[in-house]
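Architecture at a glance
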Amino acid sequence: MDSVWYYVRNGAQAGPVSFDELKALAASGQLAGADLVWKEGTADWVAARSVAGLFAGPPPAAPRPAAEPLP
């Protein structure tokens, strides 16, 4: 069973929603990193940005070219 989440946006509590629904809200900009989220079974509300996998991370850095050996 998917976890059940609640969130606070603009001072209003909403939910329950699944993690996938929460991710969709984050992806569409309806949930900001500073908004609070809570999952059943946890002690307290946390900033959405602290939830692993909720927001897409920055794109991976391009690999650095290999340094040429010194003569």
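Whatever comes next refers back to the structure up there.
1. Let's talk about the overall build of the protein chain
Helix and strand counts for the protein chain stand at one helix and four strands. Of the regular secondary structure in the protein chain, the N- to C-terminal order runs β-β-α-β-β. For the protein chain, buried positions account for 24% of its 71 residues. Within the protein chain, counting contacts between residues at least 6 apart in sequence, those at least 24 apart form 36% of the total. Total accessible area on the protein chain is roughly 5,300 Å²; 58% of this is exposed by carbon and sulfur atoms.

2. Regarding unusual backbone geometry
Along the chain, glycine 15 connects to proline 16 via a cis peptide bond; the corresponding omega equals 5 degrees. Within the secondary structure layout, proline 16 lies in strand β2 (residues 12-18). Although it is not a glycine, asparagine 10 sits at a positive phi angle of roughly 55 degrees. Mapped onto the fold, asparagine 10 is located in the loop between β1 (4-9) and β2.

Cut-off values and rules
Residues numbered from 1 in each chain as written. Predicted model: local features only at pLDDT ≥ 70, side-chain atom pairs only at ≥ 80, totals over all residues. Heavy atoms only, no water. Helix = DSSP H or I, 4+ residues; strand = E, 2+ residues; numbered from the N terminus. Buried < 20%, exposed > 50% of the residue type's maximum accessible area, 1.4 Å probe, protein only. Contact = heavy atoms within 4.5 Å. Areas by Shrake-Rupley, 256 points an atom, 1.4 Å probe, with all protein chains shown as cover.

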